[in-house]
Amino acid sequence: MKESKLKNIAVLASGRGSNFQAILTKIEEQVIPARIVCVISDNPQPPVFQIATAAGIPTHWLNRKQFATPEAYADFFLDLLKHYHTDLVVLAGYLKLIPAPVVRQFAGAILNIHPALLPNFGGQGYYGLKVHEAVLAAGVRVTGVTIHFVDEHYDTGAIIHQEKVPVLTGDTPESLAARVLTVEHRIYPQIIKAWCEGQIQLIDRKVVWHKTI
Ligand code: GRF
């Protein structure tokens, strides 16, 4: 793999970091032609920072509350991403909205993963086990994983890929979350690889695939 072709990925994560780990593994295996340049979190000491630090990846705590104005926050966010020559921003369990100037500058280059089939069971407040609790409360028999481009709102950006996961009799939010997470770990690295290889683009708010996975 030629070093010059590697894409620079900034990962945004609020907590555990199991998707981060899955992506990092595929990068280390040279399946994804990229390097992770930094991990940014709205939390000061999330578990994901421990994984990043062990892998020698710089971490940054970045929170709106650290800044006097939304503009100062957005400017710092953009400067940080540019400092690392970021090509792609990957949200992996990141709970905050991305500032609009960052969304504009990185249009078509910010990905998110959601543990349900959007547009259902998404939006503000649908995170973690709450998503799976809502799926079980609704009584649907199928849930899944959605990977989408990020816009200025929660979970509304153009959908790149979805995969179904069955809801089984007797499922708890925890058992369902675990089944969904297995699929997340498999398909997020695949989509990130496809993006890095130039197979996926966002054109006029629509996803264009140049080759299917
Ligand atoms: C995942 O379920 C992901 O779909 C959602 O947040 C969770 C993050 O888990 N956006 P982890 O931190 O990657 O383990």
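Fair warning: this is a prediction, and the values are worked out from it, not measured in the lab.

*Asks:* I'd love a proper account of the layout of surface pockets, names of residues and values included.
*Replies:* Sizing a probe to match a water molecule and rolling it over the atoms shows the empty space that remains. If you add up the space inside the largest pocket, you get close to 820 Å³. For the lining of the largest pocket, the secondary-structure elements that each account for two or more residues are helix H1 (18-28), strand E5 (110-114), helix H5 (129-138) and helix H6 (173-196). Considering each element in turn, the lining of the largest pocket owes the most residues, four residues, to H6. Its residues assigned to classes, the lining of the largest pocket comprises 16 nonpolar, 15 polar and five charged. One number sums up the size of the second largest pocket: a volume of about 190 Å³.

*Asks:* Please set out the site of the ligand residue by residue, giving values where relevant.
*Replies:* The immediate surroundings of the ligand are formed by Arg16, Gly17, Ser18, Asn19, Gly93, Ile113, His114, Pro115 and Glu184. For the ligand, an oxygen atom lies 2.5 Å from a polar atom in the side chain of Ser18. One nitrogen or oxygen atom from the main chain of Asn19 is found 2.8 Å from an oxygen atom belonging to the ligand. Relative to its unbound accessible surface of 360 Å², the ligand loses 86% to contact with the protein.

What counts and what doesn't
Residues numbered from 1 in each chain as written. Predicted model: local features only at pLDDT ≥ 70, side-chain atom pairs only at ≥ 80, totals over all residues. Heavy atoms only, no water. 1 Å grid on protein atoms, 1.4 Å probe; cavity = no way out; pocket = protein on both sides within 12 Å on 5 of 7 lines; lining within 4 Å. Points joined across faces, edges and corners; volume = space filled by probe spheres on them. Helix = DSSP H or I, 4+ residues; strand = E, 2+ residues; numbered from the N terminus. Nonpolar A, V, L, I, M, F, W, Y, C, P; charged D, E, K, R; others polar. Near = heavy atom within 4 Å. Polar contact = N/O pair within 3.5 Å; in protein donor to acceptor, adjacent residues only side chain to side chain. Areas by Shrake-Rupley, 256 points an atom, 1.4 Å probe, with all protein chains shown as cover.

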